[in-house]
Amino acid sequence: MPALNIVPFVSVDNMMRLVHAVGIEAMLVRLADAIAEDFSRWDAFQKTPRIAAHSSDGVIELMPTSDGQTYGFKYVNGHPKNAAGGRQTVTAFGVLADVGNGYPVLVTEMTLLTALRTAATSALAARVLARPGSRTMALIGNGAQAEFQALAFRALLGVDRLRLHDIDAAATAKCLRNLSAFGFDLTACTSAEEAVRGADIVTTATADKRNAVILGDNLVGEGMHVNAVGGDCPGKTELAPEVLARAALFVEYEPQTRIEGEIQQLAPDHPVTEVWRVFAGLAPGRTDARQVTVFDSVGFAIEDFSALRTVRDLLAEHPHYDDLDLLADPDDPRDLFGMLMRAAPPRRAA
């Protein structure tokens, strides 16, 4: 019988080892498959907008969900100013638990895992929203998410030409350096306008916490698919409202995206489609080659659930984890105090 106090813990170091054991692009495909599977059973999940604590410096969020048998949650922050002090803008960890007994079955870092699942979700949506045969993507915002997006779009769609732009030239240089060994045709661009030239897909992934116009209406041509990743909290957007007004809009969970996504700029009844309905065959994705499509991605708890269960399943084949002594396990479940006394120092004789 396994020790009831022990929970598998995947540290950052072990997550890196796990991803390389599987292969980065294979991991992205595995995550996309899990997300598609879980989105196809959408009604099985308890759903709620994430629970957010906002401040002038950023946001801390909890993202919970359950399918009735397994429960998962993620703790995640978003602090755009962190980079200036050498800290990550986004950090995260997560837990997967057995609903039947409430015991955790996995504790894991989710900073890397969130980057992977975000990119996998983007590419999964683009498979039904971008024009078939799309090969060229503009990446506007070349920070922590950029390389993951590039590799996910290649793994799932075959994108092999990237046009990169960031207001920070050092970020673009970093992205070029990191992707140079992966066989992409890479072009560094000096403006967003230059980056979108000839692009089939445009991914925006900027970190600034404000209403910004990263992609103006004049930059979005017919037939383009826009993957809007950076806007993910109230008051933070990347797309001009005019782009949204003429595009077919797709979201993860509408009640959450109305608060946090690009569509916070629109009327509350502006029509949008939850992308799971497209995967399930209940709604159309792209309807013609000239249509502009937008995936207004803010991230949703079911995607994290999919990522957590993927890691849980992979550990059986690739045991990159540590045993975490997390749970109390007294000899008698009613004698918690007795367990505490196991560690008591010897009493001195009177």
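Check the entry above for the structure.
Residues numbered from 1 in each chain as written. Predicted model: local features only at pLDDT ≥ 70, side-chain atom pairs only at ≥ 80, totals over all residues. Heavy atoms only, no water.

A separate point is the side chain of D67. Mapped onto the fold, D67 is located in the loop between β3 (59–66) and β4 (70–78). Judged by its relative accessible area of 17%, D67 is buried. Within the structure, D67 has its side chain in polar contact with the backbone nitrogen of Q69 (distance 3.0 Å). Polar contacts involving the side chain of D67 include one to the main-chain amide nitrogen of T70, which spans 2.8 Å. Discounting chain neighbours no more than four positions away, the residues touching D67 are R41, A44, F45 and F305. (Helix = DSSP H or I, 4+ residues; strand = E, 2+ residues; numbered from the N terminus. Buried < 20%, exposed > 50% of the residue type's maximum accessible area, 1.4 Å probe, protein only. Polar contact = N/O pair within 3.5 Å; in protein donor to acceptor, adjacent residues only side chain to side chain. Contact = heavy atoms within 4.5 Å.)

Before going further, it helps to examine the sheet that holds strand β17 (residues 322–325). Spatially, the 7 strands line up as an open sheet ordered β2-β3-β4-β5-β6-β1-β17, and their pairing is mixed. The outermost strands of the open sheet, each flanked by one partner alone, are β2 (51–54) and β17. Put simply, the sheet's adjacent strands are angled 20° from each other on average, direction ignored. Where β3 and β4 come together, 8 bridges link them in antiparallel fashion. The residue of β4 that forms the bridge with I60 is N77. (Pairing = 2+ DSSP bridges. Axes fitted to C-alpha atoms, helices over the stretch in contact; angles between N-to-C directions.)

Here strand β5 (residues 92–98) lies mainly inside the structure; 5 of its 7 residues are buried. Taken together, the 5 bridges between β5 and strand β6 (residues 104–109) define a ladder with antiparallel strand orientation. Bridging across to β6, F93 finds its partner in E109. Adjacent in sequence and paired antiparallel, β5 and β6 are bridged by 5 residues, among which G102 carries a positive phi angle near 80°.

Within this structure, the stated rule accounts for 0 disulfides. As a non-bridged cysteine, C175 has C189 as the owner of its nearest cysteine sulfur, 12 Å distant. (Disulfide = S-S within 2.5 Å.)

Turning to helix α10 (residues 301–314), a few remarks are in order. An ideal rise of 1.5 Å per residue puts 20 Å on 14 residues; α10 measures up with 20 Å between its terminal C-alpha atoms. Among the 14 residues of α10, 12 are classified as buried, and the element is accordingly described as predominantly covered. For α10, the set of buried residues is A301, I302, E303, D304, F305, S306, A307, L308, R309, T310, V311 and L314. (Expected span 1.5 Å × (residues − 1).)

Within the structure shown, the criterion is met by 22 salt bridges. For E25, the salt bridge is made with R154, and the minimal N-O distance between the two is 2.4 Å. In this pair, E25 is assigned in helix α2 (residues 24–39) and R154 in helix α4 (residues 146–157), connecting sequence segments 129 residues apart. For D217, the salt bridge identified is with R246, shortest N-O distance 2.6 Å. One end of the pair, D217, is in the loop between β11 (211–215) and β12 (225–228); the other, R246, is in the loop between α7 (241–245) and β14 (248–251), and 29 residues separate them in sequence. Salt bridges sharing common partners tie together E37, D38, R41, D67 and R309. (Salt bridge = Lys/Arg side-chain N within 4 Å of Asp/Glu carboxyl O.)

What follows concerns α2. With 16 residues, α2 ought to run about 22 Å at 1.5 Å a step, and its terminal C-alpha atoms sit 22 Å apart, in line with that. Among the residues of α2, those classed as buried are M27, L28, L31, A32, A34, I35, D38 and F39. Down the axis of α2, the sector holding all buried residues measures 165°, keeping them to one side. Where the residues of α2 are buried, they touch α1 (12–22), α3 (111–129), α4, α9 (275–279) and α10. (Arc of directions from axis to C-beta.)

What follows covers the nonpolar core. Buried together is how nonpolar side chains tend to be arranged in soluble globular proteins. Core analysis: the largest hydrophobic core is formed by 61 residues, its most contacted members being M27, L113, L162 and V311. Once residues within four sequence positions are removed from consideration, L113 is found in contact with M15, M27, L31, A307, L308 and V311. Counting residues in each nonpolar core, the second largest holds 26 residues, with C189, V226, A240 and V251 among its members. (Core = buried A, V, L, I, M, F, W, Y, C linked by side-chain atoms within 4.5 Å.)

A few words now on the sheet that holds strand β16 (residues 293–296). Each strand in a sheet pairs with its neighbour through backbone hydrogen bonds, running either in the same direction (parallel) or in the opposite one (antiparallel). An order of β9-β8-β7-β10-β12-β16-β14-β15 is seen for the 8 strands of this open sheet, with the pairing classed as parallel. Both outer strands of the open sheet, β9 (185–188) and β15 (273–274), are each paired with one neighbouring strand and no more. Both strand β8 (residues 161–165) and β9 contribute to a ladder of 4 bridges, which runs parallel. Bridging from a neighbouring strand, L162 pairs with L186 of β9. Each of β12, β14 and β16 is contacted by α3, which is oriented at about 155° to β16, the strand it contacts most. Contacts from helix α5 (residues 169–179) reach β8 and β9, with the element oriented near 155° to β8.

Turning to the packing of α2 against α4, a few remarks are in order. Viewed as axis vectors pointing N to C, α2 and α4 meet at an angle of 75°, and their least axial separation amounts to 9 Å. The orientation of α2 relative to α4 falls into the category roughly perpendicular. Contacts from I24, E25, L28, V29 and A32 in α2 reach F148, L151, A152, R154, A155 and L156 in α4. Taken together, the residues of the contact of α2 with α4 sort by class into 9 nonpolar, no polar and 2 charged. (Parallel < 35°, antiparallel > 145°, perpendicular 65-115°, else oblique. Nonpolar A, V, L, I, M, F, W, Y, C, P; charged D, E, K, R; others polar.)

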